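Structural overview for review
Here is how the chains run, residue by residue.
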Amino acid sequence: ATGGAVSFYGGKTIHTFTNSGTFTAPGSFDETVEYVLVGGGGAGGSGDDHGAGAGAGGYRTGTTPLSGPSTQTIIVGSGGAGVASQRAAGLGGGYSGFGSLYIGGGGGGNGYTNAGTVPVSPAGSDGGSSGGSSYGPDSVASSGPYGNDGGVGQPNSAYGSGGGGGAGGVGGNGATNSGGHGGAGVQIPSTFRNPSSEPGPNGGGLGYPGPGSGAAALFWVAGGGGGATDNPSNGVSGGDGGGPGGPYAGGGNGGHYPQTSGEAGKANSGGGGGATDDAEDATPMILGGGGSGIVLIAYPTT
């Protein structure tokens, strides 16, 4: 078969799609293929004080029979675009697909205004994990079937927003003077963990570093984005992307006082973007965009 970047490992032929394309099987092809679909991550939110982290793209893996001749459309979801705006909810990520199989993108993080005690607009969800909230539980949207919910933000006086959900866990709640951590990501199946594709600290291979050590800390995707915080009178921190100690699994860290932007989710990770602090007070101020998705396909090498 043809399509994407082709490699060989463990007796399998692996097709890696970092951009949309086609998977074309010849007439002699008759295999049960293993797949991984990761949707695009959402973008972090912003506010007068602190926005919420974005949800990671949905994560789906399994097997499906496939015979040739056939051509399957491959869609790699884009990450939610970061925008330069205060009091804004982040944009959701795009879906990824392999033929008739699809997975949704992550929801954008919530925005917040210090003029009141309610968010500007609700957190979104597009089939993957949902973004966090800037204030209270009422603004947390439910995740899709292939993700987890975002965390809950605290009242304005506590200055901490929720982190976005990850494919492997819920987003952390905001706390006094600290943003919630993004939800944990997941490690891709062993079929695709070719040592020659081992990721570095900033990518350059397949997936991104995760929690733990050794082989267990490699080939992770779909971490949620961290929430932001804003309190000039205390030591404060934005939430870590993909869980405490991150950024992990391509999720972006949240911003913090004084007026810092959230980090973007990493390319081809489906990671959620980190939230932005105090968007109206800094120039330039760009919301942390979501990481694009990825599609992987493998079958026995003949």
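In this text the structure is predicted, and so the values were computed from the model without any measurement.

1. Describing the overall build of the protein chain
- When helices and strands are counted, the protein chain shows 0 helices and 11 strands.
- Shown N-terminal to C-terminal, the secondary structure of the protein chain runs as helices and strands in the order β-β-β-β-β-β-β-β-β-β-β.
- Looking at the protein chain as a whole, 57% of its 302 residues are labelled buried.
- A separation threshold of at least 6 residues defines the contact pool for the protein chain, and within that pool the share at least 24 residues apart is 59%.
- By element, 51% of the accessible surface of the protein chain is carried by carbon and sulfur atoms, the whole surface being about 10,500 Å².

2. A short note on the environment of Ala-52
- Among the secondary structure elements, Ala-52 is positioned in the loop between β4 (30–38) and β5 (59–67).
- Expressed as a C-alpha distance, the spacing of Ala-52 and Gly-108, which sit 56 residues apart in the sequence, is 8.5 Å.

3. Quick look at the confidence of the model for the protein chain
- Residue-level pLDDT values for the protein chain average 86, and 84% of them are 70 or greater.
- pLDDT under 50 marks residues 116–126. Its contacts with residues more than four places away, or in other chains, come to 39 contacts.

4. A few points about the nonpolar core
- Membership of the largest hydrophobic core comes to 17 residues, with the highest contact counts inside it found for Val-38, Tyr-59, Ile-188, Phe-192, Leu-206, Val-221 and Leu-296.
- Looking at this core, the elements with two or more residues in it are β4 and β11 (294–300).
- Element by element, the count of residues in this core is highest for β11, at 3 residues.
- Sequence-distant contacts of Val-221, defined by excluding residues within four places in its chain, comprise Val-38, Tyr-59, Gly-185, Val-186, Ile-188, Gly-207, Ala-249 and Ser-269.
- If you look at the next biggest cluster of nonpolar residues, it comprises 16 residues, including Phe-29, Leu-101, Val-295 and Tyr-299.

Reading guide: rules and limits
Residues numbered from 1 in each chain as written. Predicted model: local features only at pLDDT ≥ 70, side-chain atom pairs only at ≥ 80, totals over all residues. Heavy atoms only, no water. Helix = DSSP H or I, 4+ residues; strand = E, 2+ residues; numbered from the N terminus. Buried < 20%, exposed > 50% of the residue type's maximum accessible area, 1.4 Å probe, protein only. Contact = heavy atoms within 4.5 Å. Areas by Shrake-Rupley, 256 points an atom, 1.4 Å probe, with all protein chains shown as cover. pLDDT = per-residue confidence, 0-100. Core = buried A, V, L, I, M, F, W, Y, C linked by side-chain atoms within 4.5 Å.

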